[in-house]
Amino acid sequence: KLFGALTPLDPRLGKKLIDPLTNLIHSTSAMSLLYECIMTIVSGMPNHTASIQLCVSKLRVMIEDSDQNLKYLGLRAFAQILKHHPKVVSSHKDLVLDCLDDRDESIRVRALDLLYGMVTKKNIVDIVKKLT
């Protein structure tokens, strides 16, 4: 969390951290550490596209997990990424749409919030069909 707060203030720090963070994202099985590494990249280095794509692929795994807490955190992180990289997150529209059927209301609300930010002229018909 500290690095996530400091990297926007010092761009050199982000350049130094990107390799260790991506190595951790690739290698850790600890979901809490994975989430914090992802959030550090999302908040501190949002323009590092390759790392953002890695983060989104790892978040997809979290959202697909049966653990409701991981799913919620994954959707929350998707919302942060959506601000700077809407196309990257929108490519996972199917996953977000599936979350609308989740038994947990907070997951459904997060998914609905995400869909609001993902709507385009091209996908509005699919999204409305799912909602009705």
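In this text the structure is predicted, and so the values were computed from the model without any measurement.

K.L.:
When you look at the overall build of the protein chain in this model, what are you seeing that I'm missing?
P.N.:
When helices and strands are tallied, the protein chain shows nine helices and zero strands. Computed over the C-alpha atoms, the radius of gyration of the protein chain is 15 Å, within 12% of the 14 Å expected from 2.2 N^0.38 for a compact globule of 132 residues. The principal-axis extents of the C-alpha atoms in the protein chain amount to approximately 50 × 30 × 20 Å. Here the protein chain, with 132 residues, has 43% of them falling under the buried criterion. In the protein chain, the share of contacts with a sequence separation of at least 24, taken over all contacts with a separation of at least 6, comes to 56%. Accessible area for the protein chain stands at about 7800 Å²; split by element, carbon and sulfur atoms hold 56% of it. Side chains of the protein chain give 18 positive and 14 negative charges; the mean places of these two sets differ by 7 Å.

K.L.:
Can you walk me through the nonpolar core in this structure?
P.N.:
Most often, soluble globular proteins have nonpolar side chains that are buried together. The biggest cluster of nonpolar side chains holds 39 residues, and the ones touching the most others in it are Ile-25, Ile-41, Phe-78 and Leu-114. Contributing elements (two or more residues each) for this core: helix H2 (11–27), helix H3 (31–44), helix H4 (49–64), helix H5 (68–84), helix H6 (86–90), helix H7 (93–99) and helix H8 (105–118). Residues in contact with Ile-41, not counting those within four places in the same chain, are Ile-18, Leu-21, Thr-22, Ile-25, Pro-46, Ser-51, Ile-52 and Cys-55.

K.L.:
Explanation requested: the pattern of salt bridges in the structure shown.
P.N.:
If the charged atoms of two oppositely charged side chains come close together, the side chains can form a pair. Here the structure, examined in full by the defined rule, presents five salt bridges. A salt bridge links Lys-71 to Asp-102, with the nearest nitrogen and oxygen atoms 2.9 Å apart. Of the two residues, Lys-71 is situated in helix H5 and Asp-102 in the loop between H7 and H8; the sequence distance between them amounts to 31 residues. Residue Lys-71 is classed as buried on the basis of its relative accessible area of 12%. Within this structure, Arg-60, Glu-64 and Asp-94 form a network of salt bridges that share partners.

K.L.:
Where do I start with H8 in this structure?
P.N.:
Every α-helix carries 3.6 residues per turn, so stepping three or four residues along brings you back to the same face. Its 14 residues give H8 an end-to-end C-alpha distance of 20 Å, which sits within 8% of 20 Å, the value for a rise of 1.5 Å per residue. Ile-107, Ala-111, Leu-114, Leu-115 and Met-118 are the residues of H8 that are buried. All buried residues of H8 lie within an arc of 100° about the axis, which places them on one face of the element. Those residues of H8 that are exposed and angled more than 90 degrees off the buried face are Glu-105 and Tyr-116. Looking at the packing, one finds that the buried side of H8 touches H5, H6, H7 and helix H9 (124–131).

K.L.:
It is not clear to me how the packing of H2 against H4 should be interpreted in this structure. Could you clarify?
P.N.:
Working note: a packed helix pair is described by the angle between its axes plus the distance between those axes. Packing of H2 against H4 leaves a shortest axis separation of 11 Å and a crossing angle of 20°. Judged by the angle between their axes, H2 and H4 are roughly parallel. At the point where H2 passes H4, the crossing takes the left-handed sense. The segment H2 lies against H4, with Ile-18, Thr-22, Ile-25 and His-26 engaging Ser-51, Leu-54, Cys-55 and Lys-58.

Thresholds applied
Residues numbered from 1 in each chain as written. Predicted model: local features only at pLDDT ≥ 70, side-chain atom pairs only at ≥ 80, totals over all residues. Heavy atoms only, no water. Helix = DSSP H or I, 4+ residues; strand = E, 2+ residues; numbered from the N terminus. Rg over C-alpha atoms; globule rule 2.2 N^0.38 Å. Buried < 20%, exposed > 50% of the residue type's maximum accessible area, 1.4 Å probe, protein only. Contact = heavy atoms within 4.5 Å. Areas by Shrake-Rupley, 256 points an atom, 1.4 Å probe, with all protein chains shown as cover. Lys, Arg positive; Asp, Glu negative; His and termini not counted. Charge placed at Lys NZ, Arg CZ, Asp CG, Glu CD. Core = buried A, V, L, I, M, F, W, Y, C linked by side-chain atoms within 4.5 Å. Salt bridge = Lys/Arg side-chain N within 4 Å of Asp/Glu carboxyl O. Expected span 1.5 Å × (residues − 1). Arc of directions from axis to C-beta. Axes fitted to C-alpha atoms, helices over the stretch in contact; angles between N-to-C directions. Parallel < 35°, antiparallel > 145°, perpendicular 65-115°, else oblique. Left-handed = near helix turned anticlockwise from the far one by under 90°.

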